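Each chain is listed here by its residues.
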6 protein chains.
Amino acid sequence: MRPSGRARDALRPISIETGATKHAEGSCLIRMGDTHVLCTASVEGRTPPWMRNSGLGWVTAEYGMLPRATHTRNRREASAGKITGRTQEIQRLIGRSLRAGTDRVAMGERQITVDCDVLQADGGTRCASITGGWVALWLAAQKLVDAGELKENPISEHVAAVSCGVYAGQTVLDLDYAEDSEAGTDANVVMTGSGGMVEVQGSAEGATFSRDELNALLDLASAGIAQLVAAQKEAISR
Amino acid sequence: MRPSGRARDALRPISIETGATKHAEGSCLIRMGDTHVLCTASVEGRTPPWMRNSGLGWVTAEYGMLPRATHTRNRREASAGKITGRTQEIQRLIGRSLRAGTDRVAMGERQITVDCDVLQADGGTRCASITGGWVALWLAAQKLVDAGELKENPISEHVAAVSCGVYAGQTVLDLDYAEDSEAGTDANVVMTGSGGMVEVQGSAEGATFSRDELNALLDLASAGIAQLVAAQKEAISR
Amino acid sequence: MRPSGRARDALRPISIETGATKHAEGSCLIRMGDTHVLCTASVEGRTPPWMRNSGLGWVTAEYGMLPRATHTRNRREASAGKITGRTQEIQRLIGRSLRAGTDRVAMGERQITVDCDVLQADGGTRCASITGGWVALWLAAQKLVDAGELKENPISEHVAAVSCGVYAGQTVLDLDYAEDSEAGTDANVVMTGSGGMVEVQGSAEGATFSRDELNALLDLASAGIAQLVAAQKEAISR
Amino acid sequence: MRPSGRARDALRPISIETGATKHAEGSCLIRMGDTHVLCTASVEGRTPPWMRNSGLGWVTAEYGMLPRATHTRNRREASAGKITGRTQEIQRLIGRSLRAGTDRVAMGERQITVDCDVLQADGGTRCASITGGWVALWLAAQKLVDAGELKENPISEHVAAVSCGVYAGQTVLDLDYAEDSEAGTDANVVMTGSGGMVEVQGSAEGATFSRDELNALLDLASAGIAQLVAAQKEAISR
Amino acid sequence: MRPSGRARDALRPISIETGATKHAEGSCLIRMGDTHVLCTASVEGRTPPWMRNSGLGWVTAEYGMLPRATHTRNRREASAGKITGRTQEIQRLIGRSLRAGTDRVAMGERQITVDCDVLQADGGTRCASITGGWVALWLAAQKLVDAGELKENPISEHVAAVSCGVYAGQTVLDLDYAEDSEAGTDANVVMTGSGGMVEVQGSAEGATFSRDELNALLDLASAGIAQLVAAQKEAISR
Amino acid sequence: MRPSGRARDALRPISIETGATKHAEGSCLIRMGDTHVLCTASVEGRTPPWMRNSGLGWVTAEYGMLPRATHTRNRREASAGKITGRTQEIQRLIGRSLRAGTDRVAMGERQITVDCDVLQADGGTRCASITGGWVALWLAAQKLVDAGELKENPISEHVAAVSCGVYAGQTVLDLDYAEDSEAGTDANVVMTGSGGMVEVQGSAEGATFSRDELNALLDLASAGIAQLVAAQKEAISR
């Protein structure tokens, strides 16, 4: 039995509210249960120096967590004067994942920066950031299309992510914090709308895991990501 | 005529939504027009080392702005590896202001940290942070009362803040970004619920200002703060 | 009775020694009683990148305190690896204040950096830095005039500053450290030679203050600043 | 055809030279082809503060690369004043992996720090660090056994790692730099000596990958890790 | 002929003004020609943690240069956020040198920090810092004697320093900036009052130097240091 | 009697293994007894910005020590986020020394960076870095000659270094760690192949030293450096 009473293969309630802030070219507030992430996408007319004149665009991501997004307050990274390893790992993952759904040639020499700021955390913040970040990214790119700057939206593929893991001996989908902190194995899976795998990160937190368990987790994740992609489609069609 | 069409002495629409995040002991989302600040108050059972065994409590504040809270994206302070002078100035002001409404003896040797994170900015973020931060602080302290840890709420006085300035030759209340960026003189005023002055910071941005202008600004601010205190009272009584 | 025996409206003895160092384009050692600040102004032929080709000049300030300028030794900011919030607040205030007396068009695309280094502190270091910094700035600009690089001195208005506060229930002018550490309310006032207000920063340190008290403080400050401007005139005429 | 002429499932020549430095409690120089990593394990009699009195030991890792380990010189991280995200990600992975083979109860309240410094890089440095780091760790723990401080070696399971990927349309084992920089998909796999999976990190670098490709990669990795474990056994038995 | 017209073996005019600041336990303003250094010594009742309970005292030094002490303005180290290699080298040298004249047993478990801040630079700042720093140190220690906290002054030996070098083919004493920037070889020599050598640092800046040249430089330095020690004696006897 | 049983004037066994890494333009692993330093020289086609268009080349050095090169583990400088004063002092010394043997005109506008990384430390690491760094530098320059980019090798003079000191009342050559940690006086001497002195750094660690002792140390060093230069010649002729 999961602490939340959910079925093994059930996602938490998901809501994606677009237009969450007025300045960003694209934005949404994504809620996966009690995990709330504000995602904004900011367009700049040029790419980083090391990429200039390549004809390619660039998508990058930054991730942050408000100090009291968590059960106890964490030190603000700006005050600490540096970004933790965990934050760096997460923002690199988000950036790589979003680029996997982007046609960088069609995008032209532009940069879109996706900021994912966790307002409230209850497990799965990196996955919610990818799923919501994609929506903000698509909206920002669409704004360029609507303005006649691009012919078609270069965000050519949906990208969404979900966590899964082995909790109390069972493979379960979309771990919340109560499960995550007890899980023996924990995996984050990123896939495209057409079912291609972008990232698989499975990690044993106590006991190791077997090929069979990994396969069961990937099955759960595939099904969950299909639902997340449906939610993305619904959000951008509004 | 103000860009927003407001009267000279009119505040923007104000909303204070308490319980905005589930983990913090006290929290609210304050909206002053298009300026939105998420305020959380976190209680710790001990004060900073330099204050131990004084019998006094401590209230401190941190302030941050999401990278795309503004018209164009700002670099994330955590990435830059340091806090700007502006941010430091603001968080010192918020902390000082909130302490002015706190009975530090009644509070006991505890620390409450108030985090004010600007989700969307349209001028007046430091004032909104003080007004909303006070609500989060009061709620966190009240939780200690409700839990029997304190006899009465040590947040003994309301504290609220508003900006005012000289825009297009007129003294006006509660500047939004369009006004702020053009204003000749800009003042931030912090007062208690009983009308005592906590901070007055007036600054000439181009031409200097006269004693008469300063007096007119303080009159506007006093009236505005009375309305903000009423909004605080309404919020904490819900 | 004030610890120093001064009258309520008396400044400390003031001395401004110009030409205090041989390399700087303008310099002075200002002494307000036991507060001693070495001020130097350095001219550069170009403005910061973000201001280029605007036709405007720029005046900026930096502030420092020698580790043992104070009763007990403070950690050197260079060793700590960062500037405290207090220092940042002060140097931003000095820069803003000095720019208020500068004709940035007449100055041309130049930058003058005013360094204010406190050799010995006894309260009121930021105000002494503004008053002395203005002298160094004027001298450096005058050197450009004397060299034929500018037609007339673009430092078009005197700018000076003084602190005042409520000490032992009385409003007093030019607080020394003994008063400052006990004062209930503390204000720093910056004005031009022609009586315009540049900055007013009043702050309650314990009890709040009333409009009447604020007015009394501003009266004291106006009279004090007139004397400081006279001392500046005397110094630059030598 | 692979640039090195190796078969699809062939590891590079592997050599593990134990006792590579005289001061460390355990050490080895591991060579996977032209990738050379010096691994040292340092024992301390106490664990980090946040873990004290838990009865558990701790294994942590740090990773570095000499500036000219690579084709062109990289800036020294100590000079840059911070650790890159890539380095942090790698050292977190090494630490997690090595802990998966450690009986932290049997280890007692001790910390062993494994430093992995890449002297020469030709792809696969993080995997070589895990495989070689395990040898250094085992040797350091064995020294505690030999000294009578521990009854039996708490490094209870072999842990080794290998990379694999899709190069020129083919799944291949143990990518060298020439392959890695061209690979479409890249995976790092960490397993124990008894075949349990510790970490799987698969990442699409261009096209996404399918479940079938992932399975083929995991098959290659399992076979490769078995050979690496054999090399570890041979090294520690000398 | 030297730019200053001095004889080969002539020091610049030296002045040591004690009691230069009112808060420090010991202080002086040393002037070696146009090089002016403010030296303060601060006493603390305890030594650094790594030295506690050794029964020994500790003397340490910090060195700084005001931004406009030099011909052109240098960036403030506090703003740069780190201390340059040059500064670190100098402050380590000053500390080592002053400890060579200290009886650390007689001193007891105290720390004295000597701050040497260059107000105006014209070559030889590190040597002036040592010579002046010693005076501040002795005065601070004497204050402990006068207060009955120590039986006798633990600064048991004079320590003074001078530069010398090969300028225009000649060995000369006490280089000023004009000479220093052209010198082929540059040496800093630190000696005690009784003629023992504490530090010799000779460095070829262009051509190498011979043993004969080194000997000539050491002869010049010995004679110069004797005069500096006489000036120290005169200063502390006032 | 020396701990190692060596004669007063005996160097430790020296080995210089060229071609120690495959990517660097020049490299060697130098062993002075148990002190092992990996030296690499990296060529860049341009000099630092402040030196452009001078027609001169530049040689610079960086120094690092692996965390467990020493008896007990030292904190990694990259983790600490800054370079210690000791490291800065050493890398400045290495750079200065190597430039003394370089014809910067003949070198043309190129930069060669010499990295000296201590794999194992047993005293004398800075001297070994200079001696080995010179070999790496010469090899890298020779590669430019061999490629026809330079007419002749601009590394025109051998440069080598050795430590010496007063141990147990005797002057001895090439101190190992056991001697270094006990030595009363410690000197590092850098000389060219033709016997010119580049740097002399003598430092009293307890008692001061006399001119006679300094002379004896310089005699020892001269003889030792002659042997080191012979070893360099042998290494580059292979």
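Calculation notes
- Residues numbered from 1 in each chain as written.
- Chains lettered and ligands numbered in written order.
- Predicted model: local features only at pLDDT ≥ 70, side-chain atom pairs only at ≥ 80, totals over all residues.
- Heavy atoms only, no water.
- UniProt positions renumbered as here; feature names shortened; annotations may be inferred.
- Helix = DSSP H or I, 4+ residues; strand = E, 2+ residues; numbered from the N terminus.
- Rg over C-alpha atoms; globule rule 2.2 N^0.38 Å.
- Buried < 20%, exposed > 50% of the residue type's maximum accessible area, 1.4 Å probe, protein only.
- Contact = heavy atoms within 4.5 Å.
- Areas by Shrake-Rupley, 256 points an atom, 1.4 Å probe, with all protein chains shown as cover.
- Lys, Arg positive; Asp, Glu negative; His and termini not counted.
- Charge placed at Lys NZ, Arg CZ, Asp CG, Glu CD.
- Buried area = accessible area lost by both parts, 1.4 Å probe.
- Salt bridge = Lys/Arg side-chain N within 4 Å of Asp/Glu carboxyl O.
- Polar contact = N/O pair within 3.5 Å; in protein donor to acceptor, adjacent residues only side chain to side chain.
- Nonpolar A, V, L, I, M, F, W, Y, C, P; charged D, E, K, R; others polar.
- Phe/Tyr/Trp six-rings, centres within 6.5 Å; stacked < 30°, edge-to-face > 60°.
- Least-squares fit on C-alpha atoms with pLDDT ≥ 70 in both.
- Pairing = 2+ DSSP bridges.
- Axes fitted to C-alpha atoms, helices over the stretch in contact; angles between N-to-C directions.
- Parallel < 35°, antiparallel > 145°, perpendicular 65-115°, else oblique.
- Left-handed = near helix turned anticlockwise from the far one by under 90°.

Going by what an unreviewed UniProt entry lists, chain A is known as Ribonuclease PH and is assigned to Albimonas donghaensis. Per UniProt, chain A carries the Subunit (unreviewed entry) text "Homohexameric ring arranged as a trimer of dimers." What UniProt states about chain A under its Catalytic activity (unreviewed entry) heading is, verbatim, "tRNA(n+1) + phosphate = tRNA(n) + a ribonucleoside 5'-diphosphate".

Visitor: Which parts of the structure should I look at to understand the overall build of chain A?
Guide: Secondary structure summary: chain A contains six helices and nine strands in total. Computed over C-alpha atoms, the radius of gyration of chain A comes to 18 Å, within 12% of the 18 Å expected from 2.2 N^0.38 for 238 residues, which places it in the range of a compact globule. Sorting the 238 residues of chain A into buried and exposed places 61% on the buried side. Pairs at least 24 residues apart make up 69% of the contacts formed inside chain A by residues separated by at least 6 positions. Total accessible area on chain A stands at roughly 8,900 Å², and carbon and sulfur atoms take up 48% of it. Here chain A carries 25 positive and 29 negative side-chain charges, and the mean point of each set is 6 Å from the other.

Visitor: Can you walk me through the arrangement of the chains in this structure?
Guide: The two partners chain C and chain D share no contact, and the minimum distance between any of their C-alpha atoms is 12 Å. Taking C-alpha atoms as the reference, chain A and chain E come no closer than 12 Å and do not contact one another.

Visitor: Sorry, what's going on with the interface of chain D and chain F here?
Guide: The extent of an interface is frequently quoted as the accessible surface area lost upon association of the parts. The interface of chain D with chain F comprises 37 residues on the first partner and 37 residues on the second. Approximately 2,700 Å² of surface area, both sides summed, lies buried where chain D meets chain F, with 48% of it carried by carbon and sulfur atoms. When the area that chain D buries against chain F is broken down by residue, the three leading residues are His 23, Arg 68 and Arg 76 of chain D, summing to 27%. Linking chain D with chain F are 14 salt bridges, by the criterion used here. The salt bridge partner of Glu 25 of chain F is Arg 68 of chain D, with a shortest N-O separation of 2.6 Å. Linking chain D with chain F are 26 residue pairs in polar contact (both at pLDDT 80 or more), by the criterion used here. The set of elements that each furnish at least two residues to the side of chain D that touches chain F consists of β3 (35-44), β4 (58-65), α1 (77-80) and β5 (111-120) of chain D. Looking at the side of chain D that touches chain F element by element, the count peaks at six residues for β5 of chain D. The residue makeup of the side of chain D that touches chain F, split by class, is 14 nonpolar, eleven polar and twelve charged.

Visitor: Explain the pattern of salt bridges to me, please; I cannot follow it from the model alone.
Guide: Side chains carrying opposite charge are able to pair once their charged atoms draw close together. Residues and elements named next belong to chain F. Taken as a whole, this structure holds 114 salt bridges over all chains when the rule is applied. With a shortest N-O distance of 2.6 Å, Arg 2 and Glu 179 are connected by a salt bridge. You can see Arg 2 sitting in the segment before β1 (14-18) and its partner Glu 179 sitting in helix α5 (residues 177-180), a full 177 residues away along the chain. An identical accessibility class is assigned to Arg 2 and Glu 179; each is buried. A salt bridge links Arg 6 to Asp 176; the shortest N-O distance between them is 3.6 Å. With a gap of 170 residues between them, Arg 6 in the segment before β1 and Asp 176 in the loop between β7 (170-173) and α5 connect regions that are remote in the sequence. Across this residue pair, the class does not change: Arg 6 and Asp 176 are buried.

Visitor: I would appreciate a short explanation of the packing of aromatic side chains in the present structure.
Guide: Given two aromatic rings, their pairing is described by the distance between the two centres and the angle made by the two planes. All names here are of chain A. Counted under the stated rule, the structure contains six aromatic pairs over all chains. With 5.2 Å between their ring centres and 80° between their planes, Trp 50 and Trp 58 make a pair best called edge-to-face. Taking relative accessible area as the criterion, Trp 50 reaches 62% and is therefore assigned exposed.

Visitor: Would you mind going over the relation of the copies chain D and chain F with me for this structure?
Guide: The operation relating the pair of chain copies consists of a rotation about an axis and a translation along that axis. Superposition of chain D onto chain F requires a rotation of 180° combined with a translation of 0.0 Å along the rotation axis, giving an RMSD of 0.0 Å. Put plainly, the chains are arranged around a two-fold axis.

Visitor: Hey, could you run me through the UniProt feature "domain: Exoribonuclease phosphorolytic" (unreviewed entry) in chain A in this one?
Guide: Residues and elements named next belong to chain A. UniProt tags residues 11-139 and 159-223 as "domain: Exoribonuclease phosphorolytic" (unreviewed entry). As a span, residues 11-139 carries 29% helix and 31% strand, and end to end its C-alpha atoms are 24 Å apart. Strand forms 45% of residues 159-223 and helix 26%; the C-alpha atoms that close the span are 14 Å apart.

Visitor: Could you clarify how one ought to interpret the sheet that holds strand β1 (residues 14-18) of chain A in this entry?
Guide: Backbone-to-backbone hydrogen bonds pair the strands of a sheet. The strands run either parallel or antiparallel. Residue and element names in this part refer to chain A. Ordered in space as β1-β2-β3-β5-β4, the five strands form an open sheet in which the pairing is mixed. The open sheet has two free edges, formed respectively by β1 and β4 (58-65), since each of these has just one partner strand. Taking each pair of neighbouring strands and ignoring which way they run, the sheet shows an average axis angle of 20°. Both strand β2 (residues 26-32) and strand β3 (residues 35-44) contribute to a ladder of seven bridges, which runs antiparallel. Residue pairing across strands places Ser 27 opposite Thr 40, the latter belonging to β3. Packing of helix α2 (residues 85-99) onto the sheet brings it into contact with β4 and β5 (111-120), and relative to β4 it is tilted by some 145°.

Visitor: Whenever I open this one, the UniProt feature "binding site: phosphate" (unreviewed entry) in chain A confuses me. Can you help?
Guide: Residues annotated by UniProt as "binding site: phosphate" (unreviewed entry) correspond here to Arg 86, Gly 124, Thr 125 and Arg 126 of chain A. The named residues occupy 41 residues along the chain; their greatest pairwise C-alpha distance, 13.4 Å, places them in one compact cluster. Structurally, Arg 86 of chain A is set in helix α2. Classification of Arg 86 of chain A by relative accessible area gives partly exposed; the value is 30%. Residues within four places of Arg 86 of chain A in sequence aside, it is in contact with Tyr 63, Met 65, Thr 125 and Arg 126 of chain A together with Arg 92 of chain D. If you trace the backbone, Gly 124 of chain A turns up in the loop between β5 and α4 (125-146). The contacts of Gly 124 of chain A, once residues within four sequence positions are left out, are Arg 12, Thr 35 and Leu 175 of chain A.

Visitor: Would you explain the side chain of Thr 171 of chain D in this entry?
Guide: Residues and elements named next belong to chain D. Summarising the element assignment, Thr 171 is placed in strand β7 (residues 170-173). Taking the relative accessible area as the measure of exposure, Thr 171 reaches 13% and is therefore buried. In contact with Thr 171, other than residues within four places in its own chain, are Arg 8, Gly 165, Val 166, Glu 213, Ala 216, Leu 217 and Leu 220.

Visitor: In this structure, what is going on with the environment of Leu 98 of chain F? I would like to understand it.
Guide: Residues and elements named next belong to chain F. Inspection of the secondary structure puts Leu 98 in helix α2 (residues 85-99). Taking relative accessible area as the criterion, Leu 98 reaches 0% and is therefore assigned buried. Sequence-wise, Leu 98 and Glu 205 are 107 residues apart; in three dimensions their C-alpha atoms are separated by 27 Å. When neighbours within four sequence positions are excluded, Leu 98 is seen to be in contact with Val 59, Val 114, Ile 130, Gly 133, Trp 134 and Leu 137.

Visitor: Which parts of the structure should I look at to understand the packing of helix α4 (residues 125-146) of chain E against helix α6 (residues 211-237) of chain E?
Guide: When two helices pack together, you describe them by how their axes are tilted relative to each other and by the distance separating the axes. All names here are of chain E. At their nearest, the axes of α4 and α6 sit 10 Å apart, and the two run at 30° to each other. Judged by the angle between their axes, α4 and α6 are roughly parallel. Note on packing geometry: the crossing formed by α4 with α6 is right-handed. Each of Thr 131, Trp 134, Val 135, Trp 138 and Leu 139 in α4 lies in contact with α6, whose residues at this interface are Leu 228, Gln 232 and Ile 236. Of the residues assigned to the contact of α4 with α6, the class counts are six nonpolar, two polar and no charged.

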